[in-house]
Amino acid sequence: MELVFALCVGVMTSCGVFLCLRGTTFTVVIGITLLSYAVNLFLFASGRLHLNAAPILGVSQRIADPLPQALVLTAIVIGFGMTAFLVVLAIRTFTDWGSDHVDGKPTAIENVIQRENRRP
Amino acid sequence: MNHLPILPILLPSLAGTLMLLPPLSKRFKAQRRVTWSVLIALMVISAMLILSARQQTTTYALGGWQPPFGIMLVVDRLTALLLAVTAILAFCAGIYSAGKEDRQSSLFYPLYLFQVMGINGAFLTGDLFNLFVFFEILLIASYALLIHGGGKEKTKAGFHYVTVNLIGSAVFLVALGTLYGTMGSLNMTDMAAKVGLLLPEDQILVKTGGLLLLLVFSLKSALLPLHFWLPKTYAAASASVVALFAVMTKVGFYSICRVFGGIFGGNAGALADFAIPWIWPLAIATIALGSIGVFAAASLRSLTAYMVIVSVGTLLITFVIEGGQFLRVGFYYLLHSTAVTGALFLIADQIGTRRGAAADRFVKAGPVTHATLLGGMFLIAAIAAVGLPPLSGFIGKVLILDSADRFAEQVWVWPALLMSSLMTMIAFSRAGSTYFWHSSAKESAVDLKVRITQIAAIVILLSTTALMTVFADAILTYSQDAAEDLRRHPTTMQRQIETSRSHAHAEQEF
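Residues numbered from 1 in each chain as written. Chains lettered and ligands numbered in written order. Predicted model: local features only at pLDDT ≥ 70, side-chain atom pairs only at ≥ 80, totals over all residues.

*Asks:* What is the right way to look at the overall build of chain A in this model?
*Replies:* The secondary structure content of chain A amounts to 4 helices and 2 strands. Counting helices and strands in the order they occur from the N terminus, chain A gives α-α-β-β-α-α. For a compact globule of 120 residues, the expected C-alpha radius of gyration is about 14 Å, and chain A comes in at 20 Å, more than 25% above that figure. Based on the C-alpha atoms only, the size of chain A along its principal axes is roughly 65 × 30 × 15 Å. In chain A, once contacts between residues fewer than 6 apart in sequence are set aside, the share between residues at least 24 apart is 49%. (Helix = DSSP H or I, 4+ residues; strand = E, 2+ residues; numbered from the N terminus. Rg over C-alpha atoms; globule rule 2.2 N^0.38 Å. Contact = placed C-beta atoms within 7 Å.)

*Asks:* Quick question: what am I supposed to make of the overall build of chain B here?
*Replies:* Per the secondary structure count, chain B includes 21 helices and 2 strands. Rg of the C-alpha trace for chain B: 22 Å, near the compact-globule value of 24 Å for 510 residues, within the 12% margin. Principal-axis analysis of the C-alpha atoms gives chain B an extent of 75 × 60 × 40 Å. Across the 510 residues in chain B, those meeting the buried criterion constitute 56%. Considering only residue pairs separated by 6 or more positions, chain B has 78% of its internal contacts joining residues 24 or more positions apart. (Buried ≥ 20, exposed ≤ 12 C-beta atoms within 10 Å, placed from the backbone.)

*Asks:* I'm lost on the interface of chain B and chain A in this one. Help?
*Replies:* Often, the extent of an interface is quoted as the loss of accessible area on bringing the components together. Listed as interface residues are 20 residues of chain B and, on the opposing side, 27 residues of chain A. At the level of elements, helix H6 (128-146) and helix H7 (152-183) of chain B are the ones that each hand at least two residues to the side of chain B that touches chain A. Among the elements that make up the side of chain B that touches chain A, the one with the highest residue count is H7 of chain B (15 residues). Taken together, the residues of the side of chain B that touches chain A sort by class into 12 nonpolar, 5 polar and 3 charged. (Nonpolar A, V, L, I, M, F, W, Y, C, P; charged D, E, K, R; others polar.)

*Asks:* Help me understand the packing of helix H15 (residues 327-353) of chain B against helix H16 (residues 371-386) of chain B, please; the structure alone is not making it clear to me.
*Replies:* Packed helices, taken two at a time, are described by the angle between their axes plus the distance between the axes. All names here are of chain B. For the pair H15 and H16, interaxial distance at closest approach is 10 Å and the crossing angle is 150°. Looking at the two axes, H15 sits roughly antiparallel to H16. Classified by chirality, the crossing of H16 by H15 is left-handed. The segment H15 lies against H16, with Val340, Ala343, Leu344, Ile347, Gln350 and Ile351 engaging Leu374, Met377, Phe378, Ala381, Ala384 and Ala385. Taken together, the residues of the contact of H15 with H16 break down into 11 nonpolar, 1 polar and no charged. (Axes fitted to C-alpha atoms, helices over the stretch in contact; angles between N-to-C directions. Parallel < 35°, antiparallel > 145°, perpendicular 65-115°, else oblique. Left-handed = near helix turned anticlockwise from the far one by under 90°.)

*Asks:* I'm lost on helix H3 (residues 28-55) of chain B in this one. Help?
*Replies:* Working note: α-helix, 3.6 residues per turn, so residues spaced by three or four point in the same direction. Helix length check: H3 of chain B, at 28 residues, gives a terminal C-alpha distance of 41 Å against a target of 40 Å (1.5 Å per residue), a fit within 8%. Looking only at H3 of chain B, the buried set comprises Gln31, Thr35, Val38, Leu39, Leu42, Ile45, Ser46, Leu49 and Ala53 of chain B. (Expected span 1.5 Å × (residues − 1).)

*Asks:* Could you clarify how one ought to interpret the pairing of strand S2 (residues 72-75) of chain B in this entry?
*Replies:* Each regular strand carries side chains that alternate between the two faces of the sheet. All names here are of chain B. Residue alternation in S2 divides its side chains into two sets, Met72 and Val74 and Leu73 and Val75, and both sets are buried. Pairing analysis gives 4 bridges linking strand S1 (residues 58-61) to S2, with the strands arranged antiparallel. Bridge assignment links threonine 58 to a residue of S2, and that residue is valine 75. (Pairing = 2+ DSSP bridges.)

*Asks:* Would you mind going over unusual backbone geometry with me for this structure?
*Replies:* Backbone geometry follows two general trends: most residues other than glycine have a negative phi, and most peptide bonds adopt the trans configuration. Residue and element names in this part refer to chain B. In this chain, leucine 224 is followed by proline 225 through a cis amide linkage whose omega measures -5°. Here proline 225 lies in the loop between helix H9 (200-221) and helix H10 (229-236). Residue proline 389 is joined to proline 390 through a cis peptide bond whose omega torsion reads 10°. Relative to the assigned elements, proline 390 resides in the loop between H16 and helix H17 (392-404). Even without being a glycine, histidine 370 presents a positive backbone phi close to 55°. Its place among the elements puts histidine 370 in the loop between H15 and H16. Taking the number of C-beta atoms within 10 Å as the measure of exposure, histidine 370 has 18 and is therefore partly exposed.

*Asks:* What should I look at first to understand the environment of glutamine 454 of chain B in this one?
*Replies:* Residue and element names in this part refer to chain B. Among the secondary structure elements, glutamine 454 is positioned in helix H19 (residues 452-470). Given 22 C-beta atoms within 10 Å, glutamine 454 falls into the buried group. Residues glutamine 454 and leucine 346, spaced 108 residues apart in sequence, show a C-alpha to C-alpha distance of 8.2 Å. With residues near it in sequence (within four places) discarded, glutamine 454 still touches Tyr96 and Gln350.

*Asks:* Would you mind going over helix H13 (residues 276-296) of chain B with me for this structure?
*Replies:* All names here are of chain B. Compared with an ideal rise of 1.5 Å per residue, which puts 21 residues at 30 Å, H13 spans 30 Å between its outermost C-alpha atoms and is within 8% of the ideal. All of the buried residues along H13 are Ile279, Ala283, Ile284, Thr286, Ile287, Gly290, Ser291, Gly293 and Val294. Where the residues of H13 are buried, they touch H10, helix H14 (300-320) and helix H18 (410-436).

*Asks:* Just checking my understanding: could you explain the confidence of the model for chain A for this structure?
*Replies:* Any region with low pLDDT has predicted coordinates that should not be read closely. Predicted confidence across chain A gives a mean pLDDT of 86, with 99% of residues reaching 70 or more. Across chain A, element-level confidence peaks in helix H1 (residues 2-20) of chain A with a mean pLDDT of 93 and bottoms out in helix H4 (residues 108-118) of chain A with 76. (pLDDT = per-residue confidence, 0-100.)

*Asks:* Sorry if this is basic, but what is going on with the packing of helix H1 (residues 7-20) of chain B against H3 of chain B here?
*Replies:* Residue and element names in this part refer to chain B. Taken N-terminus to C-terminus, the directions of H1 and H3 make an angle of 175°; their axes are 10 Å apart at the nearest point. On the basis of their axis angle, the class for H1 and H3 is roughly antiparallel. Residues Leu7, Pro8, Leu11, Pro12, Ala15 and Met19 of H1 pack against Gln31, Val34, Val38, Ala41, Leu42, Ile45 and Ser46 of H3. Here the contact of H1 with H3 is built from residues that sort into 11 nonpolar, 2 polar and no charged.

*Asks:* I'm lost on the environment of threonine 453 of chain B in this one. Help?
*Replies:* All names here are of chain B. Relative to the assigned elements, threonine 453 resides in helix H19. Residue class for threonine 453 comes out partly exposed when judged on the 16 C-beta atoms lying within 10 Å of it. If sequence neighbours within four positions are ignored, threonine 453 has contacts with Ile95, Tyr96 and Ala98.

*Asks:* I tried to follow the environment of alanine 404 of chain B on my own but got confused; where do I start?
*Replies:* Residues and elements named next belong to chain B. Here alanine 404 shows up in helix H17. Classification of alanine 404 by C-beta neighbours within 10 Å gives buried; the count is 23. With 392 residues separating them in the primary sequence, alanine 404 and proline 12 have C-alpha atoms 41 Å apart. Each residue touching alanine 404, except ones within four places of it in the same chain, is listed here: Ile321, Glu409, Gln410, Val413 and Trp414.

*Asks:* How do you make sense of the confidence of the model for chain B when you look at a structure like this?
*Replies:* Residues and elements named next belong to chain B. Looking at chain B as a whole, the pLDDT averages 86, with 94% of positions reaching at least 70. Ranking the elements of chain B by mean pLDDT puts helix H21 (residues 490-509) last, at 56, and helix H5 (residues 108-124) first, at 92. We note a pTM of 0.90 for the whole complex and an ipTM of 0.90 for its interfaces.

Structure, rendered in structure tokens:
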């Protein structure tokens, strides 16, 4: 279980970082979302991974640490609000600048690359 | 239980929420009155907190849940001092916004108060996760304040700022997870007591978590190489907002002090002061790069933004010299630099609105009206910012130079600080002479009336630097105690928590 969990966190983090480094606001938003999922999973694991353990005394034989679950809950709420804000801001940037580029408009080099790519 | 410590968080959040509701939501004047009275109340509360913190450190357990499980607020001398700085700056920036930013939408004052609440909370909290929450509160208010008023440049700068800070928050959470997983607590006092008892195999994990925290706090305080967001953001925001932002980088510095001076301080056993070798070169490089930025800036506003970066580097140097023995100088310099950069942002706005299309850029434009008043204020602010006698910048810089004397680090600290002072002096003299002497007679002056509240805001901020010169000794004694509070052995604090716990038990029995 630990290996699968660690792989999940690792893959999501690397995908998130990769997407954050793209030049368009849409991919950046998706990247940050993935990154925050990975972080939430990681935070959850900081209370150790248990099977069949409730965070309440006297319900099950083993007890999970309730604090990381509370932390994750807070982090999810905050992350969700922030993502919503970022999406609205990205739409606003798009309408203001007429382009999905993170810097408002593509740089000169990016324009050249695009032109080269379009050439048959 | 004494409820004073919670008021700096509770008051702005309640007032901000009330202003979103119908009777106040559309009435600018009423909103203004409420905001001003809250800001004045905050100044009074922070003065009372300073008085009580001089007697003893107060802890406040939220909802009666006892630490280390409940959330704890801690008011020691350092917290009280920073609350006072925030209150004064927020008041000045608040009265400056009257008739300007606050007319643009009815959401300005609520957002402003939420921002103040976030900053106060970050200073008050004694819990690392709670610090994260208050960081988010102050950030989400600042996102909205930054793009307040709208415009293409603002949305672009806003998007960059939000993205950078969201990634910073993700790293913050990873750091918290690592630290909680190894130490089993996020209460700062508890962590400080536990860090010396760590097993050797856990130490490397805690070190990783600690350095991730350093990364986040460097991002917030705009330390090299994570400072790129600051100049653009500060150049895009409106005047009173950016003046309030002058204290935001200090939140990062404060967190570095709390975590690396308090938790990983001298009592941390094998992990004592492990971040110091990282902070050293970064602080020096930040000063160097910030001064180049000051020198190269094309407008007074971006010049001041780079001044903020230079001041962060300077503050961190006082944190690392001789294991923080001279941190009191740092706190003195913090007060000075916050007030002066705040004032400079406001002065830049005053000058910029009177020069037509040229705004505050360093180009030839029509003559500035009210040149005597504005020029005088600019001169005083520049003298304080550069560090010329007789104002507080001079005292601060001399004390920092003096503290580096006799140590090996002098070779690095002296040239960096002296060169940066020289470069800022040249930059400021160029700015002043372009604004007030090199005006072209062809273009007509923009005759704008002087608003008494705006001038009062600048005058209050500038007079604090004069007062800091007069009362330098008292402030330095106080900040010496504040620095000792920070590095005090965790058992003292633990004992205090124990006593507060037994008090709570006693109250319950009654």
